[in-house]
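# An overview of the molecular structure
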Amino acid sequence: MRKVLAALLALAASSVFAQETIKIGVITDKVGPAKPYSEPTLEGIQFGAGEINAKGGVLGRKLELLIEDDQGRPDISATMARKLVDAGAVFILSITLTPATQQQQNVTLEAKTPQMTPMNSGDTLTTQLANPYFWQTGPLGSVQIATLLSHARAKQLKKVALISDNSDLGQLLAKFFRAGLEKSGIQVVTEEVVPRGVTSAEPQMQKIRAANPDAMFMAGVLTPENVLILRAYRQMGLKFPIHSSYNLSVPQYMSVAKGLLNGITFVDAYDPDKAEVRKFEADYAKANGGKTPYNIHGYGYDGIRMVAEAIRRAGSTDKEKIRAAMQQLEFSGVMGAKGMKYGFPDGKRTGFDPNGMVVRVYEGDKQGRVVHVGQK
Amino acid sequence: MRDFLELSISAAASGCIYGLIALAYLLMIRPTGIINFAVGEWAMVGAFGGFLLLGRIELPYPVGMAAVLGIMLLVGWATERIAVRPLVERGAPLLAPILALLGMLVVFRESISLGFGPDPHQVPEPFGFEHQKTYMIVATLIVFAGVWLFFERTTTGKAFEAVSLNRKAAALMGINLPQVTAFSFAGGAGIAGLAGLLVAPNISAHYLMGVPLAIQGFTALVIGGVGRVEGALLGGLLLAFAEQLTVRYAPLPAGYAQGVPLLLLMLFLLVRPTGLLRARA
Amino acid sequence: MRSLAGWIAAAIMLSAVAFFLGGYYNDVYRKLLLWIALALGYNFLFGISGQVAFSHFAFYGIGAYAVVIFLFHVGLPLPLALILGIVVCALIALAVAIPSTRLEGFYLALATLALAQLFIVVLNEGGTITGGTGGIVDYRLPPIFGLRIVGPWYTVVIVVLVLATYAVLWRLDRSWFGRACRAVRDNPEAAAAMGVNVARTKVIAFTLTSVLAGIAGMAYAFVDNTVNPPIFGLENAFLLLFMVIIGGAGRHAGAIVGAVALYLLPFVLSPLIGHHHALVFGVLMVAAILIQPRGLIGIYDRLRRP
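Residues numbered from 1 in each chain as written. Chains lettered and ligands numbered in written order. Predicted model: local features only at pLDDT ≥ 70, side-chain atom pairs only at ≥ 80, totals over all residues. Heavy atoms only, no water.

## Comments concerning the overall build of chain A
Each helix and strand in chain A was counted, giving twelve helices and 14 strands. Whereas a compact globule of 376 residues would reach a radius of gyration of roughly 21 Å, chain A reaches 22 Å, a difference of no more than 12%. Each principal axis of the C-alpha atoms in chain A carries an extent, and together these give about 85 × 45 × 40 Å. Residues counted as buried form 63% of the 376 residues belonging to chain A. Accessible area for chain A stands at about 13300 Å²; split by element, carbon and sulfur atoms hold 54% of it. Of the charged side chains in chain A, 45 are positive and 36 negative; the average position of the first set lies 3 Å away from that of the second. (Helix = DSSP H or I, 4+ residues; strand = E, 2+ residues; numbered from the N terminus. Rg over C-alpha atoms; globule rule 2.2 N^0.38 Å. Buried < 20%, exposed > 50% of the residue type's maximum accessible area, 1.4 Å probe, protein only. Areas by Shrake-Rupley, 256 points an atom, 1.4 Å probe, with all protein chains shown as cover. Lys, Arg positive; Asp, Glu negative; His and termini not counted. Charge placed at Lys NZ, Arg CZ, Asp CG, Glu CD.)

Next up, the structure:
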């Protein structure tokens, strides 16, 4: 009898405890174009939440992830944001396409709900709409080009080529790459676009060759089209150096672009040598049956931990207090160069330290060492 | 000048792919009048077959290629059996199988996406990097020669011609209509799959590659005309040259160059919908 | 059959629902209503007039962008912006429809496919006018007679819009014009012999339904207060086609059933089978055509028959 009573009490206690979870909404893309990025980010978030809950949660309560799929459609994304707000989420993590994250902002602004994207890099997300409830901790396109340029400074680039694709993020990155290049006094002699679905990038690369640039900057984010560019580069025996956005840090390139990558420098937010990174990879592998994570997982992992930290500092689940706490937050995570901290000084809503990116180089077909840090 | 020559080879190779897809459409349109937009997805299946058999399992190229083609013949035959034959037997309007095949397009794409994931995969090239384009052109010419000979010289081929000219009369003459249809779909799938296998080393095998190929192939068909087999290749080459030469030489901002194939398509539809090459009377 | 009282009762009932739904369900409801409006129009174009076109959703986008651009980049007052938006849709529709009458049916499909793609290209390259790849975001519906229409009240606006669209199409269907459209769909030569101006009928049907789609788009612009190119992508045109066919082409009820089923299905399926609901749509599409070309509404009819 006593055993039954004890069991009933334990059940009652646990159910009461279970009702006290802190709901964190996550909007991801499980079907559409952002899936290769959203999926690993989500896994990073889930791992992070699991870690936090195993240590007792936040403010004595466990984190509960409410995960919604926006099917890669921005208008559904806004609907999902409303669903999460109605369901009582105190924070929404957006890990889907840039336009989808943008569309959700109309909802989070209206509903005064804190929202953050740990992985989008579109600069316009914090400028198109004045939303004090929105933060972006992904590595901005403008930061990417500035980091690449500071690394290339020694090379005295005078004129360069810029190549991208016709996706919305690719176009956005190209715009900010161009702005960064021109600000440094480097002339963009030609800007080319490889549209989705073409069978060859040779015409574009021929135009670039004819312009005789000192280097080529890649701002595209579509994998097959980037592979076409690299193939044409090799086909035509071109020699100028290639500098790429963080898109080339996606590990899939190592298998789909074999033999095409050696010597390419790309900007990344992941230093595999960093102590935090090594710990993250080991812990993740242990919890996931030996499967190792890669850089994209880290965005999610940092994101959820920052949200948890903000709630902890706010001392409550009141959205206004969380907003204030997040704005004051300083956090040292897995991503970024050694010693980098996330922060939102002076009311800024972009949290990735402008000096926190690294430049890495492909050695053979493997993502190699860090050759440069920050924008100095 | 060197640019132009290099570009010509690149455009010729791309044009061959478009031509093959156009040929696949043509093989199915001629005897049945059915426009099968799923040819792009068939090409995708061929590409993934190449990835699996040649890339993962690493069969020797001729064996892998034969296996892929064999699989594609089956896929084409199965598609016809499932989505076309019941409708034709019922006497459904022409639009019905076209729409059913649109549904199959989605089924193919999602199945591959389910099976292989959203990431693109590399497909091996048999003759190495430098000779891939030559290989594409030669393979295409062989296929076109074969199909042309089939239509012109063999009795089965002539039976196809008869069916495309007049279904009822052909049936009355004892030509087995269902067999012709099944054969045309199987052949179409085989050719589309080959196109996918040929182009995949360039564009990578990924689940979104089908629809652009289907649209480009159809544009090539409209330009070249349904009447003659050679028209498909001509249309494909013209389209590829127009596309690539415009990007290289036209003083347009990069984004607008994508509009060229679309404008070309609309132009041909308005001015010369039967295409450049007329069927022989 | 449907009297004015009937329409008003429907309007009140459908609007009242909006006040009982929370933010999320209101959003789903609004977007569902807009898809119903689109499906009704597309059903008239495809099912009743027999024109295969892929531009319907592009006109939705043209309407949405037009009203936002006229209101906020050109600075026109709301009524003028709306009227100009309608004019723009009509002009573009005419530009596509008139040359297409000279062609075989399927060529219209291709021309409209090309139009839908060109639309996205223009949006992306449109610089500051269209907002480029990021679209236009920072706007709100201007006050009408001093009142700000938000929340459930805006849903009422959409309800009225959808019912008006339905009323217009229903009336047209039953009129001589509807009969002319069906005649042209089934047998253009016979229709011409009966004195129907085939080309003009087709052009009017195309232009009218495209304008209706554009008006729905104008309503959409203020649902999320965002317009960007990915919203109006080509996949939606296929979804619309699937909706009408699976629901039952040629019948208004079919369009409504199809829209409701295919719009809500992903929400329901997502938690269950994960995410490949597109696969289900493809299978349903093939099944619909093979088994029951009359669509879901045909199945319903069969069940009703004793």
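## Section: the interface of chain A and chain B
Note on interface size: it is often stated as the accessible area lost on association of the parts. Listed per partner, the contact involves 34 residues of chain A and 35 residues of chain B. Summed over both partners, the interface of chain A with chain B comes to about 3000 Å²; 49% of that surface belongs to carbon and sulfur atoms. The largest per-residue losses of area from chain A upon contact with chain B belong to Thr199, Gln206 and Arg231 of chain A, which jointly make up 23% of the total buried on that side. There are five salt bridges connecting chain A and chain B. Between Glu6 of chain B and Arg209 of chain A there is a salt bridge whose closest N-O contact spans 2.9 Å. Linking chain A with chain B are 14 residue pairs in polar contact (both at pLDDT 80 or more), by the criterion used here. Of all elements in the fold, only helix H2 (35–54), strand S7 (187–194), helix H7 (202–211), helix H8 (223–235) and helix H9 (252–256) of chain A reach the threshold of two or more residues within the side of chain A that touches chain B. (Contact = heavy atoms within 4.5 Å. Buried area = accessible area lost by both parts, 1.4 Å probe. Salt bridge = Lys/Arg side-chain N within 4 Å of Asp/Glu carboxyl O. Polar contact = N/O pair within 3.5 Å; in protein donor to acceptor, adjacent residues only side chain to side chain.)

## Notes on the sheet that holds strand S3 (residues 91–95) of chain A
The pairing of strands in a sheet happens through backbone hydrogen bonds and is either parallel or antiparallel. Residue and element names in this part refer to chain A. Overall, parallel pairing links the five strands, which are arranged S2-S1-S3-S4-S5 in an open sheet. What marks the edges here is a single partner per strand, and that holds for strand S2 (63–69) and strand S5 (134–136). Each adjacent strand pair in this sheet contributes to an overall mean axis angle of 20 degrees, direction not counted. In the sheet, strand S4 (residues 115–117) pairs with S5 via three bridges, with the strands oriented parallel. Residue Thr117 lies in a different strand from S5, and its bridge partner there is Gln136. The sheet strands contacting helix H4 (residues 98–111) are strand S1 (22–28), S3, S4 and S5, and the helix crosses S4 at an angle near 170 degrees. (Pairing = 2+ DSSP bridges. Axes fitted to C-alpha atoms, helices over the stretch in contact; angles between N-to-C directions.)

## Describing the pattern of salt bridges
Inspection of the entire model under this criterion finds 28 salt bridges over all chains. Between Lys83 of chain A and Glu68 of chain A there is a salt bridge, and its shortest N-O distance comes to 3.3 Å. Of this pair, Lys83 of chain A sits in helix H3 (residues 74–86) while Glu68 of chain A sits in strand S2, and the two are 15 residues apart along the sequence. Taking the relative accessible area as the measure of exposure, Lys83 of chain A reaches 27% and is therefore partly exposed. Across the pair Arg185 of chain C and Asp186 of chain C runs a salt bridge whose closest N-O atoms are separated by 3.1 Å. Within this structure, Arg82 and Glu110 of chain A together with Asp27, Lys31 and Asp224 of chain C form a network of salt bridges that share partners.

## Brief notes about the interface of chain A and chain C
Each partner contributes to the interface: chain A provides 26 residues, whereas chain C provides 32 residues. Both sides together, the interface formed by chain A and chain C hides about 2400 Å², and carbon and sulfur atoms give 51% of it. On the surface where chain A and chain C come into contact, there are one salt bridge. Here Arg82 of chain A and Asp27 of chain C are joined by a salt bridge, their closest N and O atoms 3.5 Å apart.

## Regarding the packing of helix H7 (residues 152–174) of chain C against helix H10 (residues 198–221) of chain C
Residue and element names in this part refer to chain C. Running from amino to carboxyl end, H7 crosses H10 at an angle of 175 degrees, the nearest separation of the two axes being 10 Å. Between H7 and H10, the interaxial angle falls into the category roughly antiparallel. Counting all contacts with H7, which are made through Tyr154, Leu161, Thr165, Leu169 and Leu172, the residues of H10 involved are Leu208, Leu212, Ile215, Ala216, Met218 and Ala219. Residue classes in the contact of H7 with H10 are distributed as ten nonpolar, one polar and no charged. (Parallel < 35°, antiparallel > 145°, perpendicular 65-115°, else oblique. Nonpolar A, V, L, I, M, F, W, Y, C, P; charged D, E, K, R; others polar.)

## Section: a nonpolar patch on the surface
Residue and element names in this part refer to chain C. A cluster of nonpolar side chains, Leu82, Ile83, Val87, Leu91, Leu94 and Ile98, forms an exposed patch at the surface whose accessible area comes to about 490 Å². Its location among the elements puts Leu94 in helix H4 (residues 78–100). Judged by its relative accessible area of 31%, Leu94 is partly exposed. (Patch = residues over 30% accessible without salt bridge, like charges linked within 9 Å, V, L, I, M, F, W, Y side chains within 5 Å.)

## Some details on the domain arrangement of chain A
Residue and element names in this part refer to chain A. What the domain assignment lists for chain A is domain 1 (2–139 + 274–343) and domain 2 (142–268 + 358–373). Just the C-alpha atoms count here: the centres of domain 1 and domain 2 sit 31 Å apart. The interface of domain 1 with domain 2 comprises 14 residues on the first partner and 16 residues on the second. In total, about 1200 Å² of surface goes out of reach between domain 1 and domain 2, with carbon and sulfur atoms giving 58% of it. Contact with domain 2 buries surface across domain 1, with Tyr37, Asp123 and Asn295 losing the most and accounting together for 37% of the total. If you look at where domain 1 meets domain 2, you find zero salt bridges. The interface formed by domain 1 and domain 2 includes six residue pairs in polar contact (both at pLDDT 80 or more). Listed by contribution, the elements that provide at least two residues to the side of domain 1 that touches domain 2 are H4 and helix H11 (295–314). (Domains from an automatic or database assignment.)

## A short note on the environment of Ile62 of chain C
Residues and elements named next belong to chain C. If you trace the backbone, Ile62 turns up in helix H3 (residues 56–73). Take Ile62: its relative accessible area is 9%, and that puts it in the buried class. For the pair Ile62 and His277, spaced 215 residues apart in sequence, the C-alpha to C-alpha distance is 28 Å. Contact partners of Ile62, with chain neighbours within four places excluded, come to Val88, Cys89, Ile92 and Phe119.

## Comments concerning the packing of helix H1 (residues 2–32) of chain B against helix H2 (residues 39–56) of chain B
All names here are of chain B. It is at 10 Å that the axes of H1 and H2 come closest, and there the two elements cross at 125 degrees. With respect to H2, the element H1 is oriented oblique. Once H1 is placed against H2, the crossing between them reads as right-handed. Seen from H1, the contacting residues are Ile21, Ala24, Tyr25 and Met28; seen from H2, they are Val39, Trp42 and Ala43. (Left-handed = near helix turned anticlockwise from the far one by under 90°.)

## Some points on the packing of aromatic side chains
Taken as a whole and assessed by the stated rule, the structure comprises 41 aromatic pairs over all chains. Relative to Phe352 of chain A, the ring of Tyr342 of chain A lies with its centre 5.9 Å away and its plane at 85 degrees, an arrangement referred to as edge-to-face. Linking Tyr342 of chain A in strand S12 (residues 342–343) with Phe352 of chain A in the loop between S12 and strand S13 (358–363), this pair joins segments that are ten residues apart in sequence. Residues Tyr342 of chain A and Phe352 of chain A agree in their burial class; the two are buried. Every member of this aromatic cluster is reached through a ring pair, and the members are Trp35, Phe57, Tyr60, Tyr65, Phe119, Tyr220, Phe232, Tyr263 and Phe267 of chain C. Above the ring of Tyr133 of chain A, the side-chain terminus of Arg323 of chain A is found at 5.9 Å from the ring centroid. Sitting over the face of the ring of Phe151 of chain B, Arg30 of chain B holds its NZ or CZ atom 5.2 Å from the ring centroid. (Phe/Tyr/Trp six-rings, centres within 6.5 Å; stacked < 30°, edge-to-face > 60°. Lys NZ or Arg CZ within 6 Å of the ring centre and 35° of its normal.)

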